[in-house]
Amino acid sequence: MMPSKRPLSPHLQIYKPQLTSVLSIMHRFSGAFLCMGVGGIILWLYGVANEPKCFSWLVAMGQTFWGKVFLFLMVYAFFYHLANGLRHLMWDAGYGFDLKTTYRTGWLVVGASFVLTLLYWILFQGGNHGF
Amino acid sequence: MASNPHGSDHWKAQRLTAISLFPLSLWFLGSLLIYSPSEYAAIVMWLKSPLSATGIVLLIGVLLYHAQLGIQVVIEDYIHRPTLTVSLVYSLKAVALSLFILACFCVLKIHFHPL
């Protein structure tokens, strides 16, 4: 590849943030953040397999304020990625490309991810002792 | 830019893992509502059952595969030094595979837990 001095296009900084672009980059951010969740699940399994040290440390971490913030954000990232992933699969199937539908499904993703996160969080904290 | 010679396989795998993760991840989150993740004995009993052990191994396997495919795209998008890109992508695959093996051994150990 020849290095060229021509500017790369598109330059993200010159665009006004719009629902479509914000949701798009959030899909990538939430996906990257969820990778930490996968690591967390494996660490948790490791803790269950090797009882006291690791497991009790994880439970103690989960009960701190920042632990709860982390878990809440993880739940939000999950439902966001789930809802927006469904939107992506819909596009892959060839539906919903017109501007009006794109915005409608976009707001639907915003709403659904918030509602599902709150619902799950209430059930999670209320049902048992949470984490 | 044809940075990935197997682009369509990558695309297909990303979608298939995404679809599989719908039931798997919702089953997992639902189970955490029944068996609180901080209750040791309940979690061990839950994961000891062959069905939930199969579920968790499947979940982690597909999750790691999906995550690896996603991070690979991020690496290819933002890192423009071919040698570094290739090394990072292969390291990523090695990490994903190692984590999967670790998770399998953890599930096996829980399966034979004397509880």
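For clarity, every value in this text was computed on a predicted model and none was experimentally measured. (Residues numbered from 1 in each chain as written. Chains lettered and ligands numbered in written order. Predicted model: local features only at pLDDT ≥ 70, side-chain atom pairs only at ≥ 80, totals over all residues.)

Right, let's get into the overall build of chain A. Along its length, chain A carries four helices and zero strands. Order of helices (α) and strands (β) in chain A, N terminus to C terminus: α-α-α-α. Burial status across chain A gives 21% buried among its 131 residues. In chain A, the share of contacts with a sequence separation of at least 24, taken over all contacts with a separation of at least 6, comes to 69%. (Helix = DSSP H or I, 4+ residues; strand = E, 2+ residues; numbered from the N terminus. Buried ≥ 20, exposed ≤ 12 C-beta atoms within 10 Å, placed from the backbone. Contact = placed C-beta atoms within 7 Å.)

With that out of the way, let us pick up the interface of chain B and chain A. With 27 residues of chain B at the contact, the number on the chain A side is 26 residues. Looking at the side of chain B that touches chain A, the elements that each hand over two or more residues are helix 1 (7–34), helix 2 (40–48), helix 3 (50–78) and helix 4 (82–111) of chain B.

What follows concerns helix 4 of chain B. Look at helix 4 of chain B: 44 Å from first C-alpha to last across 30 residues, which is about the 44 Å you get at 1.5 Å a residue. For helix 4 of chain B, the set of buried residues is B:Ala96, B:Leu99, B:Ala103, B:Cys106, B:Val107 and B:Ile110. Looking at the buried residues of helix 4 of chain B, the elements they touch are helix 1 (19–49) of chain A together with helix 2 and helix 3 of chain B. (Expected span 1.5 Å × (residues − 1).)

All names here are of chain B. Under the local residue numbering, the UniProt record ascribes the feature "transmembrane region" (unreviewed entry) to residues 16–35, 56–75 and 87–108. Each end of residues 16–35 is marked by a C-alpha atom, and these two atoms are 29 Å apart; helix forms 95% of the span and strand 0%. Secondary structure across residues 56–75 divides into 100% helix and 0% strand, with the first and last C-alpha atoms of the span separated by 28 Å. (UniProt positions renumbered as here; feature names shortened; annotations may be inferred.)

A separate point is the UniProt feature "binding site: heme" (unreviewed entry) in chain A. Residues and elements named next belong to chain A. UniProt's entry tags His-81 with the feature "binding site: heme" (unreviewed entry), counted in the numbering of this structure. Taking the number of C-beta atoms within 10 Å as the measure of exposure, His-81 has 26 and is therefore buried. Contact partners of His-81, with chain neighbours within four places excluded, come to His-27, Ser-30, Gly-31 and Leu-34.

With that out of the way, let us pick up the UniProt feature "transmembrane region" (unreviewed entry) in chain A. All names here are of chain A. UniProt annotation of "transmembrane region" (unreviewed entry) refers to residues 21–45, 65–83 and 104–123 when read in the numbering used here. Each end of residues 21–45 is marked by a C-alpha atom, and these two atoms are 36 Å apart; helix forms 100% of the span and strand 0%. Structurally, residues 104–123 comprises 100% helix and 0% strand, and the distance from its first C-alpha atom to its last is 28 Å.

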